[in-house]
Amino acid sequence: MKKLGLLVAASALALAACGSEENEATTGEPSKDIKLGATAGPYSDMLKQAIVPGLEEKGYTVDLVEFSDYIQPNIALDGGDIDANLFQHTIYLENFEKENNMDLSGLIVVPTAPMGIYSNQFDTLDDIEDGATIAIPNDPVNAARALQILEDQGLVEVDPEVDDLKISERDVITNKKNLVFQPIEAGQLPRAVEGSDLSAVPGNFALAAEMDLLDALALENMPDQYRNLVAVKAENEDSELANDLIEIVESEEFEKVIDENFEGFGKPQWMTEQ
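Within every chain, residues take consecutive numbers counted from 1 along the sequence as written. Predicted model: local features are reported for residues with pLDDT of at least 70 only, side-chain atom pairs are reported and counted for 80 or more only, and whole-chain, interface and lining totals are derived from all residues. Calculation of side-chain values draws on the structure's entire complement of heavy atoms; hydrogens and water are dropped beforehand.

**Here's the deal with the overall build of the chain**
Runs of E in the DSSP output that reach at least two residues are strands. Runs of H or I that reach at least four are helices, and both are numbered from the N terminus. Secondary structure assignment for the chain yields 10 helices and 12 strands. In the chain, buried positions account for 46% of the 274 residues. Between two residues, a contact is recorded if the distance between any of their heavy atoms is within 4.5 Å. Long-range pairs, those at least 24 residues apart, make up 73% of the contacts in the chain between residues at least 6 apart in sequence. Note on areas: these come from Shrake-Rupley sampling with a 1.4 Å probe, and a residue is covered only by the protein chains present in the view. If you sum the accessible surface of the chain, you get close to 14,100 Å²; carbon and sulfur atoms cover 46% of it. When a residue's accessible area, from a 1.4 Å probe over protein chains only, is under 20% of the maximum for its type it is buried; when over 50% it is exposed; and in between it is partly exposed.

The following block contains the structure:
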């Protein structure tokens, strides 16, 4: 039954896409019936609260499609089943394109939930004891982020010759607290707050576990390459919809919603320099 449900959902997306194409062929104008995709959680909420209202004011009818993994949103985008998505950062998008022979394009970076260092054992970074254990992500991209936070906080030093986006435990040259690293799957890091002295939890997993971002002992000073973005097919990056999405994200109304409803989300460089 689960497999049948997935087939029905896929068929519905395909039919909707065909209907949109027929409408455009009949009227000669791009359809304003669109589909936006996101993984369930904060970025689906961001679409609902901060982006969809602006699109509706511009005359769009928006259907929001939620996904439960990080694979299908790009497959659906590449296949034309959705018109844009919001769930991934630049590094992930570029790697996914290369590995799957797709041509997608990031339009604009949005505020993103940062990784944080959380602890039920220590109240501040100064309280961390020598030899404390810290759970970190076991994938290279997120492990590098965790180590960068620790370096920013003066807890470790990493080899300056290594690219910040590629550092690993092997590149730690000074470990002032003799921290013991425990690499585990990123989705398990919220639970690791209980089992380890410290845990480096990516923002999306922290929010999914109903953790408060502001409870972190330290939050990531996130490079824009790790912030999520609105993506479209490359062939549509100059379309009316793409321009409207950029205009909405750059608006004062968008930033107001972020400030009110997405506390703790780190803003991209273009927003902080306005």
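**Observations concerning the environment of P160**
Here P160 lies in the loop between strand 7 (156-158) and strand 8 (172-175). The spacing of P160 and D171 is 11 residues in sequence and 8.8 Å in space, taken between C-alpha atoms.

**Some thoughts on the sheet that holds strand 4 (residues 104-109)**
With respect to topology, five strands assemble into an open sheet ordered 2-1-3-12-4, the strand pairing being mixed. With partners counted over all chains shown, the strands left at the sheet margins are strand 2 (61-67) and strand 4, one partner each. The mean inter-strand angle of the sheet, taken between neighbouring strand axes irrespective of direction, is 30°. Judged from the seven bridges that link them, strand 1 (residues 33-39) and strand 2 form a sheet pairing that is parallel. Looking across to strand 2, one finds that D33 is bridged to T61. Strand pairing is assigned whenever DSSP identifies at least 2 bridges connecting the two strands. In this description, a line fitted to the C-alpha atoms serves as the axis of each element, helices being fitted only across the stretch in contact, and the angle between N-to-C directions of two axes falls anywhere from 0 to 180 degrees.

**Quick look at the side chain of S31**
Mapped onto the elements of the fold, S31 is located in the loop between helix 1 (2-27) and strand 1. At a separation of 3.0 Å, a polar atom in the side chain of S31 contacts the main-chain amide nitrogen of D33. Here a polar contact is taken to be a pair of N or O atoms separated by no more than 3.5 Å, where protein atoms must pair a possible hydrogen donor with a possible acceptor and residues adjacent in sequence count only if both atoms sit in side chains.

**Regarding the sheet that holds strand 6 (residues 133-137)**
The mixed open sheet is built from five strands, whose spatial order is 9-6-10-5-11. With partners counted over all chains shown, the strands left at the sheet margins are strand 9 (180-184) and strand 11 (218-219), one partner each. Both strand 6 and strand 10 (residues 198-201) contribute to a ladder of two bridges, which runs parallel. Residue pairing in the sheet places I134 in a bridge with L198 of strand 10. Running over the sheet, helix 5 (residues 140-152) touches strand 5 (116-118), strand 6, strand 9, strand 10 and strand 11 and is turned about 140° from strand 6.

**Quick notes on the packing of aromatic side chains**
Ring pairs shown here join Phe, Tyr and Trp side chains whose ring centres sit within 6.5 Å, with only the six-membered ring taken for Trp; geometry is labelled stacked below 30 degrees between planes, edge-to-face above 60, and tilted in between. The tally for this structure, following the rule as stated, stands at six aromatic pairs. Each ring, one from F262 and one from F265, has its centre 5.2 Å from the other, and the planes form 75°; the classification is edge-to-face. Take F262 and F265: they sit in the same class, and that class is buried. Among the aromatic side chains, those forming a connected cluster through ring pairs are Y70, F87, Y92 and F96.

**Notes on a negative patch on the surface**
Any residue with relative accessible area above 30% and no salt bridge may belong to a patch, with like charges joined within 9 Å and the nonpolar Val, Leu, Ile, Met, Phe, Trp and Tyr side chains within 5 Å. Each salt bridge in this description consists of a side-chain nitrogen of Lys or Arg and a carboxyl oxygen of Asp or Glu lying within 4 Å of one another. Note that His is not counted, nor are the chain ends; the positive residues are Lys and Arg, and the negative ones are Asp and Glu. Each charge is placed at NZ for Lys, CZ for Arg, CG for Asp and CD for Glu. Among the surface-exposed residues, D123, D126, D127, E129 and D130 lie close enough to one another that they form a single negatively charged patch. Tracing the backbone through its elements, the reader meets D127 in the loop between strand 5 and strand 6.

**As for the confidence of the model for the chain**
For every residue, the predictor states its confidence as a pLDDT score lying anywhere from 0 to 100. The predicted model of the chain averages 90 in pLDDT, with 89% of residues at 70 or higher. This stretch, residues 1-23, has a pLDDT under 50; its non-local contacts, to residues over four places away or in other chains, come to 10 contacts.

**A look at the nonpolar core**
Generally speaking, nonpolar side chains in soluble globular proteins are found buried as a group. Counting residues in hydrophobic clusters, the biggest one holds 41 residues, and the most contacted among them are M46, I51, L55 and V230. A per-element tally of this core places helix 2 (residues 42-57) first, with seven residues. Where each domain begins and ends follows an automated or database-derived domain assignment. Each of domain 1 (33-112 + 225-271) and domain 2 (116-221) gives at least three residues to this core. In terms of nonpolar packing, the next biggest core, distinct from the first, is built from 27 residues, I128, I167, V172 and A200 among them. Definition of nonpolar core: a set of buried residues of the types Ala, Val, Leu, Ile, Met, Phe, Trp, Tyr and Cys, connected through side-chain atoms within 4.5 Å.

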